[in-house]
Every structure is written in C-alpha cells, then in structure tokens.
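Single-letter residue listing:
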Amino acid sequence: MYSFIVFVHVIGALLLGSFLAFPVAFKSLLSRSGNELKISVKTLVGFTRFGHYALILLIITGGWMVMGYATYPSLLWVVLSLILLMLIGALIGMIQKGLKSVIPAKNPDKVLQRNMAKLNILGWFTFLLIVTVVFVMTNHGLFA
Ligand code: HEM
C-alpha cells in the first residue's frame, strides 16, 4: 500500500509541472493581442487547471504517509512541507485570478499589460517554490 501512496503522491507532483512551464509559456503572450490574446490566455488557464487538484492530492497522500507510516525525518520537515504547499496554493490562486481577469475584458491587452509584471514574478516565484519543495522531499537526511 505504501508504495501506491508514494506513486499517487509523485503523480500529484507531476501535475504541478504545468507551473514549471508557466513562466516560459506566459512570455509567449507578449506577442499577442485582442482575440488571439484571449484565446491564448484561455489555453493557459486550461493548461494550469490541475494545480489546486494536485495540491489536494499531495496533502492527502503526504498526510497519509506522515500519519499512517511516520516516514518523515522531523517535525521541522513536516511543517516546512506544509508551509511550502500552502504558499504554492496561494500563488497558484493569484496567478489564475490574474489570468482569468483578462478573458472577459473589453481591452484584454491593457488588462494584461497592467498585470504583466506581477504575473511574471508570481510565475517565477511558484517555479522556485516547486523546485524547493521537491528538494525538501528528496533530501530527508538534511532535515533529520
Ligand atoms: C507541493 C507539495 C509537494 C510536492 C511537489 C511533493 C513531492 C514529493 C516527491 C517528488 C517525493 C519523492 C518520493 C520519493 O523520493 O520516494 C515526495 C516524498 C514524500 N512526501 Fe511529498 N510533496 C509535497 C508535499 C508534501 C506534504 C505536504 C507532505 C506531508 C506533510 C509530504 C509528504 C511526503 C513524504 C512522507 C514523502 C516520503 C516518501 C518516501 O520516500 O517514503 N509531501 N514528495
């Protein structure tokens, strides 16, 4: 059973992959405008839709491993993992909100311009946090 939970946990981590590609995909929006921009933003929203579901899967399977099997190096590691997971969740929500605000806008170019710098920073910050949490997950020894 344990190896199955790890398997589902790692699938959850893979589902966050769209946010590793996000900063690069987001850049491609710069060269679009009007209706074309709206379609691209819709595609990007769809592409990143799994983010929050992935986090739910990760917290359920992670919590199961911690509480049911106690395979964690220390309480510090558990708290750090939970903080990182919540931060990623908050950032994903902010990115989705910023992107979705472009779709119904009369002038999508302007709305995107206004949110551009913020979304770019949020995207790279999410990227960094996902890499950090995978580092924390795969280096138990450092937190023992
Ligand atoms: C964004 C959040 C997370 C990501 C991307 C993530 C990803 C991963 C990855 C890639 C592994 C490696 C599996 C292996 O080495 O066998 C792992 C292991 C693990 N994760 Fe997470 N995880 C996340 C959150 C959590 C949380 C919140 C908890 C619980 C507090 C947790 C508990 C565990 C445990 C106990 C293992 C060890 C499995 C083992 O090696 O036996 N994870 N995680």
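Described below are features of the structure shown in this document.

1. Comments concerning the overall build of the protein chain
Looking only at helices and strands, the protein chain has six helices and zero strands in total. Ordered by position in the sequence, the α and β elements of the protein chain form the string α-α-α-α-α-α. By its C-alpha atoms, the protein chain is 55 × 25 × 20 Å across when sized along the principal axes. For the protein chain, the residues scored as buried account for 22% of the 144 residues in total.

2. Some details on unusual backbone geometry
The backbone of Ala70 sits at a positive phi, close to 50 degrees, despite the residue not being glycine. Mapped onto the elements of the fold, Ala70 is located in the loop between helix 4 (51–69) and helix 5 (75–100).

3. Regarding the site of the ligand
In the vicinity of the ligand lie 22 residues, with Ala13, Gly62, Met65, Ser81 and Met137 positioned nearest. Contributions of two or more residues to the shell around the ligand are made by helix 1 (2–15), helix 4, helix 5 and helix 6 (108–138). A per-class count over the shell around the ligand returns 16 nonpolar, six polar and no charged.

4. Re helix 6
At Met116, helix 6 is deflected by roughly 50 degrees, the largest bend along its length. Looking at helix 6, one finds that the buried residues are Pro108, Leu112, Leu119, Leu122, Gly123, Thr126, Ile130 and Val133. Check the buried side of helix 6 and you find it contacts helix 2 (18–27), helix 3 (34–47) and helix 5.

5. Concerning the nonpolar core
Val41 and Ile95 are the most contacted members of the largest nonpolar core, which totals 21 residues. Those residues within four positions of Val41 in sequence are excluded, and the remaining contacts are Leu29, Leu99, Val102 and Ile103.

6. Here's the deal with the packing of helix 3 against helix 5
For the pair helix 3 and helix 5, interaxial distance at closest approach is 10 Å and the crossing angle is 155 degrees. What the angle tells us is that helix 3 and helix 5 run roughly antiparallel. As for how helix 3 packs across helix 5, the hand of that crossing is left-handed. Only Gln96, Leu99 and Lys100 of helix 5 make contact with helix 3, whose side of the interface consists of Val41, Leu44 and Val45. Looking at side-chain class alone, the contact of helix 3 with helix 5 contains four nonpolar, one polar and one charged residues.

Criteria and thresholds
Residues numbered from 1 in each chain as written. Predicted model: local features only at pLDDT ≥ 70, side-chain atom pairs only at ≥ 80, totals over all residues. Helix = DSSP H or I, 4+ residues; strand = E, 2+ residues; numbered from the N terminus. Buried ≥ 20, exposed ≤ 12 C-beta atoms within 10 Å, placed from the backbone. Near = placed C-beta within 6 Å. Nonpolar A, V, L, I, M, F, W, Y, C, P; charged D, E, K, R; others polar. Bend = angle between axes of the 7 residues up to and from the residue. Contact = placed C-beta atoms within 7 Å. Core = buried A, V, L, I, M, F, W, Y, C linked by C-beta atoms within 7 Å. Axes fitted to C-alpha atoms, helices over the stretch in contact; angles between N-to-C directions. Parallel < 35°, antiparallel > 145°, perpendicular 65-115°, else oblique. Left-handed = near helix turned anticlockwise from the far one by under 90°.

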